[in-house]
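# Tertiary structure, described
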Amino acid sequence: MYNALANAAAYLDPAARVSKLILSGDLSYFRVEMLVRILEAIKLNAEVAIESQEKGHLYFLQGKVVGANTATDQGVPALTTISQWKIGTFSVRLAEDMNRHADLLQFTDNQAIFKHIHALAGQGAVAAAVAQGRVPAA
């Protein structure tokens, strides 16, 4: 009975909910972009901790990526690096406070963010247009 009451109290306490683990997995099965789509679909405020070649974090506000950091980068450069990781693990926790980076906040949605990242990495239609000297339509 005590455990059930303690669990109920922890669930009702906002401080306890902030660190609640809601999803974890392996990057060899769930690529970063897929994980972003999942969190976008359920519109979570969350922090994703990723352990791969190095450690990284992604921050979501209502399912949109608003922050990213690694040991050496933050914002778009960090997300560009993290999105290329194909091995490692991730854990998703509910979050109320999160790091936000202005360069990510300028995008309207996650699709626009990843279109930009693919262009930076030399992938996708935008990158092909840039490589051919054409400026793609916004």
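Residue numbers run consecutively from 1 along every chain, following the written order of its sequence. It should be noted that, the model being predicted, local features are given only for residues of pLDDT at least 70 and side-chain atom pairs only at 80 or more, the latter also being counted only at that level, while totals for whole chains, interfaces and linings use all residues. The side-chain quantities take in all heavy atoms of the structure and omit both hydrogens and water.

### Focus: the overall build of the chain
Our working definition: Under the scheme used here, helices are H or I runs from DSSP no shorter than 4 residues and strands are E runs no shorter than 2 residues, and both carry numbers assigned from the N terminus. When a residue's accessible area, from a 1.4 Å probe over protein chains only, is under 20% of the maximum for its type it is buried; when over 50% it is exposed; and in between it is partly exposed. In what follows, a contact means two residues having at least one pair of non-hydrogen atoms within 4.5 Å. What sets the accessible areas is the Shrake-Rupley method with a 1.4 Å probe; for residues, cover comes only from the shown protein chains.
The helix and strand tally for the chain stands at 7 helices and 5 strands. The secondary structure elements of the chain, listed N-terminal to C-terminal, are α-α-β-α-β-β-β-α-β-α-α-α. In the chain, buried positions account for 31% of the 138 residues. Considering only residue pairs separated by 6 or more positions, the chain has 64% of its internal contacts joining residues 24 or more positions apart. Accessible area for the chain stands at about 8300 Å²; split by element, carbon and sulfur atoms hold 56% of it.

### Focus on the side chain of lysine 64
Quick note on the threshold: By the criterion applied in these results, polar contacts are pairs of N or O atoms within 3.5 Å in which, for protein atoms, one can donate a hydrogen and the other can accept it, and in which residues neighboring in sequence qualify only through two side-chain atoms.
Relative to the helices and strands, lysine 64 is located in strand β4 (residues 64-70). At a separation of 3.0 Å, a polar atom in the side chain of lysine 64 contacts the main-chain carbonyl oxygen of leucine 104.

### Focus: the packing of aromatic side chains
Heads up, the condition is: When the centres of two rings from Phe, Tyr and Trp lie within 6.5 Å, Trp using its six-membered ring, the rings pair. Their planes under 30 degrees apart give stacked, over 60 give edge-to-face, and anything left gives tilted.
For the structure shown, the criterion picks out 1 aromatic pair. Centroid distance phenylalanine 30 to phenylalanine 90: 6.0 Å. Interplanar angle 80 degrees. Geometry classified as edge-to-face. You can see phenylalanine 30 sitting in the loop between β1 (21-26) and α3 (32-41) and its partner phenylalanine 90 sitting in strand β5 (residues 89-94), a full 60 residues away along the chain.

### Considerations on the pairing of β5
Regular strands have side chains that alternate between both faces of the sheet. Which entries qualify depends on this criterion: In short, DSSP must find at least two bridges between two strands for them to pair.
Note: β1 against β5, 5 bridges, orientation antiparallel. Bridging across to β5, serine 24 finds its partner in serine 91. Summarising the sheet, strand β2 (residues 46-51) and β5 pair through 6 bridges and their orientation is antiparallel. Paired with alanine 49 across the bridge in β5 is serine 91.

### Notes on the environment of histidine 116
Mapped onto the fold, histidine 116 is located in helix α6 (residues 110-120). Along the sequence, histidine 116 and valine 76 sit 40 residues apart, while their C-alpha atoms lie 8.9 Å from each other. Non-local contacts of histidine 116, meaning those with residues more than four positions away in its chain, are made with Val76 and Phe107.

Limitation: the analysis is restricted to geometry and does not speak to function.
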